[in-house]
Amino acid sequence: GFPDFAYESALTNLQSYSVIEDEDLREYFPRKAHSNKGTYGKVLVIAGSENMYGAAYLSSMAAFKVGAGLVKIVTHKDNRELIYSKLPEAMISTYEVEKDIDNLSLETDILWADAVLIGPGLSTSITAKRLLEKTLNICRQYNKYLVIDADGLNIMSADDNLLNMLYDKVVITPHMGEASRLMKKDIPALSNNMVGMAYDFS
């Protein structure tokens, strides 16, 4: 699906590259004749904030679409009914205020999951920061795959202590604005050297 010039440009700038295409997904995520939802991996999605359910719904639906068998969502309590009505196959755990974070079974949920996503629609509130700190600590302790996106990155860009907690199983997915805040570089500088800046930051 990528135009030829994109491949040529990547080869010129990187010397080697790989791009995920539809056939790769079919190769890596086939459905077996004798299997069940537990066979295909478990994803924990920590997303959404008060009355902001869209990002939690979309990222959880995406996890199902690429083949996850089980998805659990940790989100604000106001989002429960909306998400259940759109995605009844997902499991949901909720919180309301910061003190509720300690009552979540976050460590159990992270141990259950094969991969964790945090950040979409999370907000940059004190509660969201607490969720990110706790998630990073637990994922790091158990060496879990962790994707940090959107507001997770916005929270991190304001706190170098969180940046210093990253480890080799963390994937970050910033757009230009988020990358600019994280790397403390302006967008034109990033635009002129996206691959190099990302490599240096990594």
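In short, a report on the structure. Since the model is a prediction, treat every value here as computed from it, not as a measurement. (Residues numbered from 1 in each chain as written. Predicted model: local features only at pLDDT ≥ 70, side-chain atom pairs only at ≥ 80, totals over all residues. Heavy atoms only, no water.)

**Thoughts on the environment of leucine 25**
- Note on placement: leucine 25 falls in helix H2 (residues 22-28).
- In this structure, the C-alpha to C-alpha distance between leucine 25 and aspartate 109, residues 84 residues apart in sequence, is 26 Å. (Helix = DSSP H or I, 4+ residues; strand = E, 2+ residues; numbered from the N terminus.)

**Here's the deal with the layout of surface pockets**
- Volume-wise, the largest pocket comes out at about 750 Å³.
- What lines the largest pocket is a set of 28 residues, and nearest its centre among them are Ile172, Pro174, Met194, Val195 and Ala198.
- For the lining of the largest pocket, the secondary structure elements donating two or more residues are helix H1 (4-14), strand S6 (170-172), helix H9 (176-183) and helix H11 (194-201).
- Tallying contributions element by element places H1 first for the lining of the largest pocket, with six residues.
- Residue composition of the lining of the largest pocket, grouped by class: 23 nonpolar, five polar and no charged. (1 Å grid on protein atoms, 1.4 Å probe; cavity = no way out; pocket = protein on both sides within 12 Å on 5 of 7 lines; lining within 4 Å. Points joined across faces, edges and corners; volume = space filled by probe spheres on them. Nonpolar A, V, L, I, M, F, W, Y, C, P; charged D, E, K, R; others polar.)

**Observations regarding the pattern of salt bridges**
- Tallied over the entire structure, the rule returns seven salt bridges.
- Measuring nitrogen to oxygen at the nearest pair gives 3.4 Å for the salt bridge that ties lysine 77 to aspartate 78.
- Lysine 77 gets classed as partly exposed once you look at its relative accessible area, which sits at 39%.
- Aspartate 159 is the salt-bridge partner of lysine 129, the closest N and O atoms lying 2.9 Å from each other. One end of the pair, lysine 129, is in helix H6 (residues 126-142); the other, aspartate 159, is in the loop between helix H7 (151-157) and helix H8 (160-163), with 30 residues separating them in the sequence.
- By relative accessible area, which is 29% here, lysine 129 ends up partly exposed.
- Classification of aspartate 159 by relative accessible area gives buried; the value is 12%.
- Connected through salt bridges with shared partners, the residues Glu98, Asp102, Arg130 and Lys134 form a single ionic network. (Salt bridge = Lys/Arg side-chain N within 4 Å of Asp/Glu carboxyl O. Buried < 20%, exposed > 50% of the residue type's maximum accessible area, 1.4 Å probe, protein only.)

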